[in-house]
Amino acid sequence: MTADGPRRRVRLAGVGSNIFTEMSALAVRHRAVNLAQGFPDTPGPDSVTEAAVKALYAGQHQYPPVPGLPALRAAVADHQRDRYGIALDPDCEVVITTGASEALAAALLAFAGPDDEILVLEPYYDSYAAGAELAGARLVPVPLTGPEFRLDAAALRAAVTDRTRVLLLNNPHNPTGTVLDERELAELARVAVAHDLVVISDEVYEHLVYEGLHRPIAALPEMFERTVTVGSAGKTFSFTGWKVGWATGPADLVAGVLAVKQYLSFASGTPFQHAVAEALRLPDSHYTDLCGSLKARRDLLVDGLRSLGLRPRAPEGTYFVLADVRPLGAVDGLEFCRELPRRYGVAAVPGQVFYADPEAGRHLVRFVFCKREDVLREALRRLAPLANDLPRRPWSALL
């Protein structure tokens, strides 16, 4: 004890509360349409649900192997081979995790330490900052620039120092919806090889691509041996609550992830692992139908937001739309999003939470479109008064 009380050091004190929790709570309090948090409101495939039920009734209630069920590891390996031509040994180059979040945290803890630097594409998902702080490392943002959020190759090269250890990617990219093209991937690969960096590539939206093609960076020359690729069943199959993810890559890197992961969750989700093994063997029509449906909903939301006076960007992938609120007279996305549920009955997420310097994204708001079409139409109906309210009076005058 000290004169002022017990000596305590609170980890992640600088990260703050999770913005998605805050905005979802506001949505509940004001009975708002929740376009803030990225979870679908439709069930996943019946056959996958039935596989989970079957596993439960078969008594699959105990710990799975720490690296994951062999059937699921084999299914992940087959998926990477069939989709991308990446050959994996399921016994030592695949580890199943409690969602992509655990895979990312374990990888960051395994490959970054105190005073190391982690290059990250900015804007970036908030859990990356938390993972870096837990590791004692520092995130170094590399901006995606311009209205189309493309890689700034000069900024990437300038960001590398003698302390850089990890290149953290997210492709397709949350929150911008950018799908990195061949030129951008090649530039990232050149920097990684030149500076002997470990690459952690978050590819949970790999199947949600509407323009262009997704290509894992691990498929590029000289990249497999330095890349941990992170995937997840949640976004692809609409089972976000099952928390089944994976990390793949060369045996030495996967062993590093596993060494940390065993002291996080140890192992989890036995019946759901059985079911996801079945999900990964669904026919191509599942992915085609999912993308077709999401693209239609993307266009509905983008067109609707544009008609209200916002300036949205149609994403190439993921299920997020970033919109510039300045044409409406609004200047602060956080203020905008905290008032939106109460005044208009819709929840969204402020863009500044995805930036190291909040000012860089202060004018942006993120909406999700992974909701039913009728829900999106209801959200746009509720937002319709924006078109008349804000051009006449600045947003701050409505508070």
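Per chain, residue numbering runs from 1 following the sequence as it is written. A pLDDT threshold of at least 70 governs which residues receive local features in this predicted model, and a stricter bar of 80 or more applies before side-chain atom pairs are shown or counted, although totals over entire chains, interfaces and linings include all residues. Side-chain metrics rest on all non-hydrogen atoms present in the structure, leaving aside hydrogens and water.

The protein carries the name Aminotransferase class I/II-fold pyridoxal phosphate-dependent enzyme in an unreviewed UniProt entry, which gives Streptomyces heilongjiangensis as its organism. Turning to the protein, the UniProt annotation filed under Cofactor (unreviewed entry) states: "pyridoxal 5'-phosphate". UniProt positions are given in the numbering used here, feature names are shortened, and annotations may be inferred rather than shown by experiment.

Caption draft 1: Here's a closer look at the UniProt feature "domain: Aminotransferase class I/classII large" (unreviewed entry) in the protein. Per the UniProt entry, the sites bearing "domain: Aminotransferase class I/classII large" (unreviewed entry) are residues 33–383 in this numbering. By the criteria applied, helices consist of DSSP H or I runs no shorter than four residues and strands consist of E runs no shorter than two, each listed in order from the N terminus. Note that residues 33–383 is 40% helix and 18% strand, and that its end C-alpha atoms are spaced 10 Å apart.

Caption draft 2: The arrangement of empty space enclosed by the protein in detail. Of the grid points, spaced at 1 Å and generated over the protein atoms alone, those admitting a 1.4 Å probe that cannot get out make up cavities, while open sets with protein on both sides within 12 Å along at least five of seven lines make up pockets; any residue with an atom within 4 Å of a point is treated as lining. Grid points are joined across faces, edges and corners, and a volume is the space filled by probe spheres set on the points. Evaluated as defined, the whole model comprises 2 cavities of 30 Å³ or more. Considering the residues around the largest cavity, the lining is formed by 13 residues, among which Ile 96, Thr 97, Lys 261, Ser 268 and Gln 273 are closest to the centre. The element contributing the most residues to the lining of the largest cavity is strand 2 (residues 94–98), with 3 residues. By residue class, the composition of the lining of the largest cavity is 6 nonpolar, 5 polar and 2 charged. Space inside the second largest cavity adds up to approximately 40 Å³. For this classification, Asp, Glu, Lys and Arg are treated as charged, while Ala, Val, Leu, Ile, Met, Phe, Trp, Tyr, Cys and Pro are nonpolar and the rest, including Gly, are polar.

Caption draft 3: Fine view of a nonpolar patch on the surface. Among the surface-exposed residues, Leu 109, Leu 134 and Leu 264 lie close enough to one another that they form a single nonpolar patch of about 220 Å² accessible area. Within the secondary structure layout, Leu 109 lies in helix 4 (residues 99–111). Under the scheme applied here, a residue whose accessible area is under 20% of the maximum for its type counts as buried, over 50% as exposed, and between as partly exposed, the area being computed with a 1.4 Å probe on protein chains only. On the accessibility criterion, Leu 109 (31% relative accessible area) is partly exposed. The patches reported here contain residues having more than 30% relative accessible area and no salt bridge. Joining distances are 9 Å for like charges and 5 Å for nonpolar side chains (Val, Leu, Ile, Met, Phe, Trp, Tyr). With residues, only the protein chains shown are counted as cover, and all accessible areas are computed by Shrake-Rupley using a 1.4 Å probe. In what follows, salt bridge is the name for a side-chain nitrogen of Lys or Arg lying within 4 Å of a carboxyl oxygen of Asp or Glu.

Caption draft 4: The arrangement of the layout of surface pockets in detail. Taken as a whole, the second largest pocket spans an internal volume of roughly 280 Å³. Lining the second largest pocket are 14 residues, and of these Arg 83, Glu 206, Val 209, Leu 213 and His 214 sit closest to its centre. Within the residue set of the lining of the second largest pocket, elements represented by two or more residues are helix 3 (70–84) and helix 11 (284–307). When residues in the lining of the second largest pocket are grouped by element, the largest group, 4 residues, is from helix 11. Split into classes, the residues belonging to the lining of the second largest pocket amount to 6 nonpolar, 4 polar and 4 charged.

Caption draft 5: The packing of aromatic side chains, seen in detail. Between the rings of Phe, Tyr and Trp (Trp by its six-membered ring), a pair exists once the centres lie within 6.5 Å; its type follows the angle of the planes, with under 30 degrees stacked, over 60 edge-to-face, and the other angles tilted. Counted under the stated rule, the structure contains 11 aromatic pairs. An angle of 80 degrees between the planes, with centres 5.8 Å apart, marks the rings of Tyr 205 and Tyr 319 as edge-to-face. Of this pair, Tyr 205 sits in the loop between strand 7 (198–202) and strand 8 (227–232) while Tyr 319 sits in the loop between strand 10 (311–312) and strand 11 (320–324), and the two are 114 residues apart along the sequence. A single burial state applies to Tyr 205 and to Tyr 319, both of which are buried. Of the aromatic side chains, those joined through ring pairs into one cluster are Phe 20, Tyr 125, Tyr 128 and Phe 354. In this analysis the charged atom, NZ for Lys or CZ for Arg, is taken to sit over a ring once it is within 6 Å of the ring centre and within 35 degrees of the ring normal. For Arg 83, the ring lying beneath its charged end belongs to Tyr 287, and the centroid distance is 4.3 Å. Looking at Lys 371, its charged tip hangs above the ring of Phe 39, at a distance of 3.6 Å from the centre.

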